Amino acid sequence: MENSKLFMLCRGDKLVGFEMAQISKEDDRIVGWKPWMYIQKEFRNATKEFINEKGETNTKNVALQLDANVENWFAKNGANYQKTCTGINMLANIITYIGLGFKPVSKTDKNIFLEKDMKNPLSKQEIRDLIKKAKQGNLCEEQNVFKNKWKSSISLEKQKSNSEEFIKIQGKNKTNVEKVK
């Protein structure tokens, strides 16, 4: 089985975009991973004549057709799960991936990681709900709840003031305790 493939989008002899695809086995699933994709700006949302790997000509969204070729390769190789990531501030990309059936599963300060279970696709309502949450900035809610639980809601200045007050109170209590003895 071929486990890595580079799909190229060309205009004549000029490379105008690409998508890297990899396949690996993880536990009980075969995962298609899309780690890198780039398309020149003029082709990102363009509907142009597109010739696929089979030599068939279509007039469709070029970027989506490139991605469709990657997904076909995944299917031919038995991938039942897909993963990808994009920049945390790339809302258009995030919404596109959600629209393609990917669900945000985790994030870092720079990236959002998305996954798609081919055996259990998202419903249209789930996709709409996830897009709405993405537009509101509520991605990976479980992670947000965990982070917010440990994030203080008061400023550093107020924390410092509270700490100084606490130390004063502790000092008074210590003195009071000594007087009682």
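In this text, all values refer to a predicted model and were calculated from it rather than measured experimentally.

Details of the pattern of salt bridges
Phase 1: Scanning the entire structure with this criterion turns up 6 salt bridges.
Phase 2: Here Glu71 makes a salt bridge to Lys34, at a shortest N to O gap of 3.0 Å. Of this pair, Glu71 sits in helix 2 (residues 62-76) while Lys34 is found in strand 3 (residues 29-39), placing the two residues 37 residues apart along the sequence.
Phase 3: Under the relative-accessibility criterion, Glu71 is labelled buried at 18%.

As for the packing of helix 3 (residues 91-99) against helix 4 (residues 124-136)
Phase 1: Contact geometry of helix 3 with helix 4 gives a least axis separation of 9 Å together with a crossing angle of 170°. Comparing their axes, helix 4 and helix 3 come out roughly antiparallel. Residues Leu91, Ile94, Ile95, Ile98 and Gly99 of helix 3 form the contact with helix 4, whose own contacting residues are Ile127, Leu130, Ile131, Ala134 and Lys135.
Phase 2: Classifying every residue of the contact of helix 3 with helix 4 gives 8 nonpolar, 1 polar and 1 charged.

Remarks on helix 3
Phase 1: Among the residues of helix 3, those classed as buried are Ile94, Tyr97 and Ile98. Down the axis, helix 3 shows its buried residues gathered within 100° of arc, on one side only.
Phase 2: Against the buried residues of helix 3 lie strand 3, strand 6 (81-87), strand 7 (103-107), strand 8 (111-117) and helix 4.
Phase 3: A positive phi of about 100° marks Gly101, the residue just after helix 3.

Overview of the side chain of Asn80
Phase 1: By secondary structure assignment, the location of Asn80 is in the loop between helix 2 and strand 6.
Phase 2: With near-sequence residues (within four places) excluded, Asn80 lies in contact with Asp28, Arg29, Ile30, Lys116, Asp117, Met118 and Lys119.

Let's talk about the pairing of strand 4 (residues 47-51)
Phase 1: Summarising the sheet, strand 4 and strand 5 (residues 57-61) pair through 5 bridges and their orientation is antiparallel. Note that in strand 5 the partner of Phe50 across the bridge is Asn58.
Phase 2: What sits between strand 4 and strand 5 in their antiparallel hairpin is a turn of 5 residues, with Gly55 showing a positive phi close to 85°.

Digging into the pairing of strand 7
Phase 1: Here 4 bridges tie strand 7 to strand 8, and the two strands are oriented antiparallel to one another. When the bridges of strand 8 are listed, Lys107 appears paired with Ile112.

Remarks on helix 4
Phase 1: Counted at 1.5 Å a residue, the expected span for helix 4 with its 13 residues is 18 Å, and the 19 Å between its end C-alpha atoms agrees.
Phase 2: Listing the buried residues of helix 4 in full gives Ile127, Leu130, Ile131 and Ala134. Angularly, the buried residues of helix 4 cover 100° about the axis, an arc narrow enough to put them on a single face. With respect to the buried face of helix 4, the exposed residues turned more than 90 degrees away are Lys132 and Gln136.

Regarding the nonpolar core
Phase 1: Ranked by internal contacts, the top residues of the largest apolar core, which has 15 residues, are Phe7, Leu9, Ala21, Ile39, Trp73 and Phe74.
Phase 2: Examining the composition of this core, we find that 6 residues originate from one element, helix 2, more than from any other.
Phase 3: Setting aside residues no more than four positions away along its own chain, Ile39 makes contact with Leu9, Val16, Gly17, Arg44, Ala63 and Leu66.
Phase 4: With 12 residues, the next largest nonpolar core counts Ile112, Leu130, Ala134 and Cys140 among its residues.

Structural notes on the environment of Gln65
Phase 1: Relative to the helices and strands, Gln65 is located in helix 2.
Phase 2: Once the C-alpha coordinates of Gln65 and Asn52 are considered, the two residues, 13 residues apart in sequence, prove to be 7.9 Å apart.
Phase 3: Apart from the residues lying within four places of it in its own chain, the contact partners of Gln65 are Phe50, Asn58 and Lys60.

Considering unusual backbone geometry
When glycine is set aside, most residues are seen to have a negative phi, and most peptide bonds are trans.
Phase 1: One non-glycine residue, Asp27, lies in the positive phi region at around 55°.
Phase 2: Among the secondary structure elements, Asp27 is positioned in the loop between strand 2 (14-26) and strand 3.

Procedures and definitions
- Residues numbered from 1 in each chain as written.
- Predicted model: local features only at pLDDT ≥ 70, side-chain atom pairs only at ≥ 80, totals over all residues.
- Heavy atoms only, no water.
- Salt bridge = Lys/Arg side-chain N within 4 Å of Asp/Glu carboxyl O.
- Helix = DSSP H or I, 4+ residues; strand = E, 2+ residues; numbered from the N terminus.
- Buried < 20%, exposed > 50% of the residue type's maximum accessible area, 1.4 Å probe, protein only.
- Axes fitted to C-alpha atoms, helices over the stretch in contact; angles between N-to-C directions.
- Parallel < 35°, antiparallel > 145°, perpendicular 65-115°, else oblique.
- Contact = heavy atoms within 4.5 Å.
- Nonpolar A, V, L, I, M, F, W, Y, C, P; charged D, E, K, R; others polar.
- Arc of directions from axis to C-beta.
- Pairing = 2+ DSSP bridges.
- Expected span 1.5 Å × (residues − 1).
- Core = buried A, V, L, I, M, F, W, Y, C linked by side-chain atoms within 4.5 Å.

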